[in-house]
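Observations on the model geometry
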Amino acid sequence: MCRMCYRRLMKSYLVLSKEREYLFCTYFCQTMKIPFKAIAALIILSLIGVFAYQAYWLTGLYTSMKKDMDNCLIETLQVSDYNEMMERCDSVKRSNETINGYIESSINLDSSALITKVIETEPFKQQKRFGLEINEPVSTTIDKNGTLELLTKYFQRGIHSQLDLFTEINLHTFDSLFTRTLAMRGIIYLPHRIEIVNLRQDSTVVQGLSSPQKYRPGKEAVSYYYNYDLYNKMAYRLWVEPTNTIVLQQMKGILYTSFFIIIILGLSFWFLIRIILRQKSVEEMKEDFTHNITHELKTPLTSISGYAEIIASGLVKPDDIPNFANKIHKESGRLLSLISDIMELSQLDEKFSDEEFAPVDLAGVATEVAEDLRSNAEKHGITITVDTKTAVINGNRNQIYELIYNLCDNAIRYNRENGSVKIITGDDNEHPFVKVADTGIGIPEKHHKRVFERFYRVDKSRSKETGGTGLGLAIVKHITERHGGEISLESSEQGTTFTAMF
């Protein structure tokens, strides 16, 4: 085949394949010699890596924020304890009772004790001393911790122990201060219960105060403790449900952003893999097209060339010339039919618009096709019948005619001897349809999805006997889909029925 002919055929192929947008990618991958499986595997591994890293990062962030939340609750207990003491001090100052005494705290950094004491001025003028013994100088303890936090706790606990001699803890005030401090830290609503417990006796000294009042700790509730006396004997106990939900709520913006990014990456990778798969399909289609079109063109051209050469040699008897001429005519018709089908598909791809649509009566077109094919069917001993009911669609009449014609032509070619072809039109729940049923040998189920592919043949050996280009059903599918319909088939050993539903 000459290069010019091949180029023209390849141009037709590009139109038929509808994959022109993938040509650059196909050329690139062919030039770079990159296997399709390697590219797909690399993309999938990259995507898994991105997902794994994102999950690892989010897990680490969640763990860190969960730890910060636990620390926040304990710090809030400490701050609330301090504020509650200040509230009690102010309350004592505002009261009319005379308090004979004052609280004094002192510390010697070189000693091993922090001393707090209550000095009563009246009526006994005696001192009550309370101390927290440390096994080493306080300055050494502070240096080891690297912060004044421990020293602050010591002073706060010392003052707390002595203040409790004057007035009792107001748990209601403590709860209000706790809720207010949480709100200042961004935690607006946290159902909880606060109790005062004796750690050494493992008993509740003051019953819990719930906020809101109806809150009762569930089975999964967790507790946080804050010791407030010098001897680690008394503590506040905070009951809350697991803080996972609060942490996740705080991470909501990050989670949404991460999820959105993952979706975008997933879609991008999916689109890239889809291009690669389509690219592979293009390569396979090109190989099939080249093989099939070469074979389909070569067979009639070889016959025409051979018969013409014999006639030109002058060795043919005059009586045989008409026979050779008929064979040349037959093969020329086969060649023209192939070219016509290729051009038809090309035109369907390139030139088709809604402006060409108009009401089309399927019954009238079916009757016309039956009349046009009747003589050809009778030559093969096939009977064509028509069972038509009014069915109108908005479409292109010429295309609909070709659709029904190709279905009937196939039914005649692959029918049994003395068989029949029946064309049925009608309307099923406002869905016009046309059916073409034959009494042929049927199509095996494994071929049902592929019979509409271009140049696909169920039985290649039989196709050589019956002729045909292998494009008829591809044209049928193309026209049906262009008219917004679907093509399907049912087949058995008693025959095959094609249905185009619009």
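Look a little higher up for the structure.
To start, this report covers the structure provided alongside it. Bear in mind that the values here come from a model prediction, so they are computed numbers and not experimental data. (Residues numbered from 1 in each chain as written. Predicted model: local features only at pLDDT ≥ 70, side-chain atom pairs only at ≥ 80, totals over all residues. Heavy atoms only, no water.)

Now for the packing of helix 10 (residues 362-379) against helix 11 (residues 397-413). Contact geometry for helix 10 and helix 11: axes closest at 9 Å, N-to-C directions at 40°. Taken as axis vectors, helix 10 and helix 11 run oblique relative to one another. As helix 10 packs across helix 11, the resulting crossing turns out to be right-handed. On helix 11, the residues that touch Leu362, Gly364, Val365, Ala366, Glu368, Val369, Asp372, Leu373, Asn376 and Ala377 of helix 10 are Arg397, Ile400, Tyr401, Ile404, Tyr405, Cys408, Asp409 and Ile412. Here the residues of the contact of helix 10 with helix 11 sort into twelve nonpolar, two polar and four charged. (Axes fitted to C-alpha atoms, helices over the stretch in contact; angles between N-to-C directions. Helix = DSSP H or I, 4+ residues; strand = E, 2+ residues; numbered from the N terminus. Parallel < 35°, antiparallel > 145°, perpendicular 65-115°, else oblique. Left-handed = near helix turned anticlockwise from the far one by under 90°. Contact = heavy atoms within 4.5 Å. Nonpolar A, V, L, I, M, F, W, Y, C, P; charged D, E, K, R; others polar.)

Before going further, it helps to examine unusual backbone geometry. The step from Ser211 to Pro212 runs through a cis peptide bond, and the omega angle for that step is 0°. Mapped onto the secondary structure, Pro212 falls in the loop between strand 5 (203-211) and strand 6 (222-227). Residue Asp202 is not a glycine yet carries a positive backbone phi of 50°. Note that Asp202 resides in the loop between strand 4 (192-198) and strand 5. Phi is positive for Asn418, which is not a glycine, with a value near 60°. Its location among the elements puts Asn418 in the loop between helix 11 and strand 11 (420-428).

Under the criterion given, the structure shown has four aromatic pairs. Summarising the aromatic geometry, the rings of Phe174 and Tyr236 are spaced 3.9 Å apart at their centres and angled 10° between planes, so their arrangement reads as stacked. With Phe174 in helix 6 (residues 171-184) and Tyr236 in strand 7 (residues 234-240), the pair connects residues that are 62 residues apart, well separated along the chain. The class for Phe174 is buried, based on a relative accessible area of 0%. Aromatic side chains Tyr401 and Tyr405 sit 5.9 Å apart centroid to centroid with 25° between the ring planes, which places their arrangement in the stacked category. Here Tyr405 and Tyr401 lie together in helix 11, a separation of four residues that amounts to about one turn. (Phe/Tyr/Trp six-rings, centres within 6.5 Å; stacked < 30°, edge-to-face > 60°. Buried < 20%, exposed > 50% of the residue type's maximum accessible area, 1.4 Å probe, protein only.)

Our focus in this paragraph is the sheet that holds strand 14 (residues 495-501). Taken together, five strands build an open sheet; the order of strands is 9-11-12-14-13 and the sheet is mixed. Of all the strands in the sheet, just strand 9 (383-388) and strand 13 (486-492) have a single pairing partner and so form its edges. Adjacent strand axes in the sheet meet at a mean angle of 15°, parallel and antiparallel pairs treated alike. Taken together, the six bridges between strand 9 and strand 11 define a ladder with parallel strand orientation. Opposite Val386, over in strand 11, you have Ile423 as the bridge partner. Of the strands in this sheet, strand 9, strand 11 and strand 12 (431-438) are in contact with helix 10, which crosses strand 9 at around 175°. Sheet contacts for helix 13 (residues 472-482): strand 13 and strand 14; angle to strand 13, the most-contacted strand, approximately 140°. (Pairing = 2+ DSSP bridges.)

So, on to the side chain of Thr76. Assignment of secondary structure puts Thr76 in helix 3 (residues 36-94). A residue is classified by how much of its surface remains accessible, and Thr76, at 0% relative accessible area, is buried. Not counting residues within four places of it along the chain, the set of residues in contact with Thr76 comprises Phe178, Thr181, Leu182 and Arg185.

For the pair helix 11 and helix 13, interaxial distance at closest approach is 9 Å and the crossing angle is 145°. As helix 11 runs across helix 13, the sense of the crossing is left-handed. On helix 13, the residues touching Gln399, Glu402, Leu403, Asn406, Leu407 and Asn410 of helix 11 are Gly472, Leu473, Ile475, Val476, Ile479 and Thr480. The residue inventory of the contact of helix 11 with helix 13, partitioned by class, reads six nonpolar, five polar and one charged.

Attention shifts here to the sheet that holds strand 7. What links the strands of a sheet is backbone hydrogen bonding, and the strands pair in either a parallel or an antiparallel sense. Strand order in this open sheet of four strands is 5-4-7-6, and the pairing throughout is antiparallel. For this open sheet the edge positions go to strand 5 and strand 6, each flanked by a neighbour on one side alone. Averaged over all pairs of adjacent strands, the angle between strand axes in this sheet comes to 20°, irrespective of strand direction. Inspection of the sheet shows strand 4 paired to strand 7 by seven bridges, in the antiparallel sense. Within the sheet, the bridge partner assigned to Ile196 lies in strand 7 and is Tyr236. Seen against the sheet, helix 6 touches strand 4, strand 5 and strand 7 and runs at an angle of roughly 130° to strand 4.

Next up on the list: the environment of Arg274. If you trace the backbone, Arg274 turns up in helix 8 (residues 252-313). Classification of Arg274 by relative accessible area gives partly exposed; the value is 32%.

A few words now on the pairing of strand 7. Strand 7 sits mainly inside the fold: six of its seven residues count as buried. Pairing of strand 6 with strand 7, which is carried by six bridges, proceeds in the antiparallel orientation. Each bridged residue has a counterpart across the sheet, and for Tyr225 the counterpart in strand 7 is Arg237.

On the surface, Tyr53, Tyr56, Trp57 and Ile254 cluster together into a nonpolar patch covering about 490 Å² of accessible area. It is helix 3 that provides the largest number of residues to the nonpolar patch, a total of three residues. On the secondary structure map, Ile254 appears in helix 8. On the basis of relative accessible area, Ile254 is assigned to the partly exposed category, the value being 33%. (Patch = residues over 30% accessible without salt bridge, like charges linked within 9 Å, V, L, I, M, F, W, Y side chains within 5 Å. Areas by Shrake-Rupley, 256 points an atom, 1.4 Å probe, with all protein chains shown as cover. Salt bridge = Lys/Arg side-chain N within 4 Å of Asp/Glu carboxyl O.)

Another point: the nonpolar core. When a protein is soluble and globular, its nonpolar side chains tend to lie buried together. Core analysis: the biggest nonpolar cluster contains 35 residues, and Ile384, Ile400, Leu403, Ile404, Ile423 and Phe502 have the highest contact counts within it. Among the secondary structure elements, those contributing two or more residues to this core are helix 10, helix 11, strand 11, strand 12, helix 13, strand 13 and strand 14. Those residues in contact with Ile404 that lie beyond four places of it in its chain are Leu362, Val365, Ala366, Val369, Ile423 and Val434. (Core = buried A, V, L, I, M, F, W, Y, C linked by side-chain atoms within 4.5 Å.)

The next thing to look at is helix 6. Over its 14 residues, helix 6 extends 20 Å from the first C-alpha to the last, a length consistent with the 20 Å expected when each residue adds 1.5 Å. Those residues of helix 6 not exposed but buried are Leu171, Phe174, Asp175, Leu177, Phe178, Thr181 and Leu182. All buried residues of helix 6 fall inside an arc of 165° around its axis, so they share one side. Of the exposed residues in helix 6, the ones pointing more than 90 degrees away from its buried face are His172, Arg180 and Met184. With a side-chain oxygen positioned 3.1 Å from the backbone nitrogen of His172, the residue opening helix 6 is Asn170. (Expected span 1.5 Å × (residues − 1). Arc of directions from axis to C-beta. Polar contact = N/O pair within 3.5 Å; in protein donor to acceptor, adjacent residues only side chain to side chain.)

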